[in-house]
Amino acid sequence: MRHDWCKVIYMRKRLRVYYVLCSILAISILASSILASAQKDSPLAIAHVTVIDCTGAAPQPNSTVLIAAGHITAIGPSDRVSIPAGARVVDGNGKFLIPGLWDMHGHLTDATEDAFPLLIMNGVTGVRDMGGDLAQIDRWRAEIESGTRVGPHIIRAGPFVDGPKEGVSNRLTVRTPEEARQAVHQLKAKGVDFIKIHNALPPEAFFALMDEARKEHIPVAVHLPRGVSSADASDAGVASLEHIETVNESALWRKGATAKTVEQAVDENLGPAGQQLFEHLAKNGTWYVPTLVAYERGFVLWSNDPEALAPRMEVQRKQIKLVAMMHKAGVPIMAGSDFSDWAMVPGVDLHNELALLVEAGFTPLEALQTATLNPAKFLGKTETYGTIQVGRAADLVLLDMNPLEDISHTRKINAVVLGGKFYPLASIRAQSLQDAAKR
Ligand SMILES: [Zn+2]
């Protein structure tokens, strides 16, 4: 990935402003978390709310959701669910309840701990970390689990497995098939949840790694290595392919390729070659995380030069069509923002990704499912996450407006429930700005 470093620095400064604002809010969230933990054992009832459970069922108006010990214990029409004595009751009248969102492509180490309040304030209760400092992530994860830090559930890869690269950190550098097999055992011993491959891994090392990972039952997520096609990676058994632009790179280097430029590659993918590839991915059950927002921020809106901008905008417009084709072909898709330390804002950009998926023809419910039900399916955790059903973890987002009418309403967050704790974000935001003004 090429960067214009002046712009990177400028962008980082802008992100810093977000982060400073958020640190004020983070203190308030932590304070309210202490309050919340005092109430941890008393049940919570969200009454008279419209439940969008994300199973695919129709929205259920005037429902009551009961929560106790971090889990959903009852759901039903408000006139039939009896609220236990001593429960905290939240009036959900006119509001909408959706499951907590998962960002399935993020980098916590690069984003730093400043990302946690941003994620929670934006309703992101789960993150698949796609490469970072394993020890640090595990420290954060332990703090979140023990309740000393407010943050999302984390599924993590630990270090990237990559070929030789200069100036990058948190890499396990692999050059040969033997080293690739060793890397699988090394990472398995460290207890990673999955392996993340990056683009400089030599093809023969990639295929050896896939073979070893299959034997060791470790899922592999792939930023396509140079020289490996999307179809071959899918046949090798990858769990997920990352970034929409890699199907265009693949078209440049697959066997018998005729496309010479990204523009030609994207056009080729819009025709029968892409259709065939996407049907192949669907047949293999290979998941795709398009990270459209990252392409838009990272490659398209990077330049202020209109001449440079126009062709990239055109590629992005076509890439949105490619995601539409994938979706129609039955490729299972998940939402990811690729937040790290540059152009994307943790939490905020997951909502932008959902909007881009709606642009690609997803219904708002299907877009919501890419960040709820689908991640739970992918992780094999549908009994715990992804839907509003009895027995699931109480990770919920209370919205002021209906997201099925307009996906941008996922940003209208009134409150977040995280592991059964209630965070009234609308009032926390207002109050912390008042408090900051007094300082
Ligand atoms: Zn990434």
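See the structure shown above.
Residues numbered from 1 in each chain as written. Predicted model: local features only at pLDDT ≥ 70, side-chain atom pairs only at ≥ 80, totals over all residues. Heavy atoms only, no water.

As for the environment of phenylalanine 362
Tracing the chain through its elements places phenylalanine 362 in the loop between helix H13 (348-359) and helix H14 (364-369). The exposure class assigned to phenylalanine 362 is buried, which follows from its relative accessible area of 5%. Once the C-alpha coordinates of phenylalanine 362 and histidine 327 are considered, the two residues, 35 residues apart in sequence, prove to be 7.8 Å apart. Here phenylalanine 362 is in contact with Val323, His327, Ile333, Leu357, Ala367 and Thr370, once residues within four sequence places are set aside. (Helix = DSSP H or I, 4+ residues; strand = E, 2+ residues; numbered from the N terminus. Buried < 20%, exposed > 50% of the residue type's maximum accessible area, 1.4 Å probe, protein only. Contact = heavy atoms within 4.5 Å.)

Here we look at the nonpolar core
Leu108, Val161, Ile195, Ile197, Phe206, Leu209 and Phe278 are the most contacted members of the largest nonpolar core, which has 89 residues in total. With residues near it in sequence (within four places) discarded, isoleucine 195 still touches Ala157, Val161, Val184, Leu187, Leu209, Ile218, Pro219, Val220 and Ala221. (Core = buried A, V, L, I, M, F, W, Y, C linked by side-chain atoms within 4.5 Å.)

What about the pairing of strand S8 (residues 153-156)?
Of the strand pairs in this sheet, strand S7 (residues 124-129) and S8 are connected by four bridges, and their pairing is parallel. When the sheet's bridge partners are listed, valine 127 is paired in S8 with isoleucine 154. Remark: the S7/helix H4 (residues 134-146)/S8 crossover connection has right-handed handedness. (Pairing = 2+ DSSP bridges. Right-handed = clockwise from strand over helix to strand, strands pointing away.)

A short note on the coordination of the zinc ion
For the zinc ion, the protein coordination sphere consists of His105 (NE2), His107 (NE2) and Asp338 (OD), at 2.1 to 2.3 Å. When the donors of the zinc ion are listed by position in the chain, the intervening gaps give H-x1-H-x230-D. Exposure class is identical for histidine 105 and histidine 107. Each is buried. (Donors = N, O, S within 2.8 Å, 3.2 Å for Na, K, Ca; no water.)

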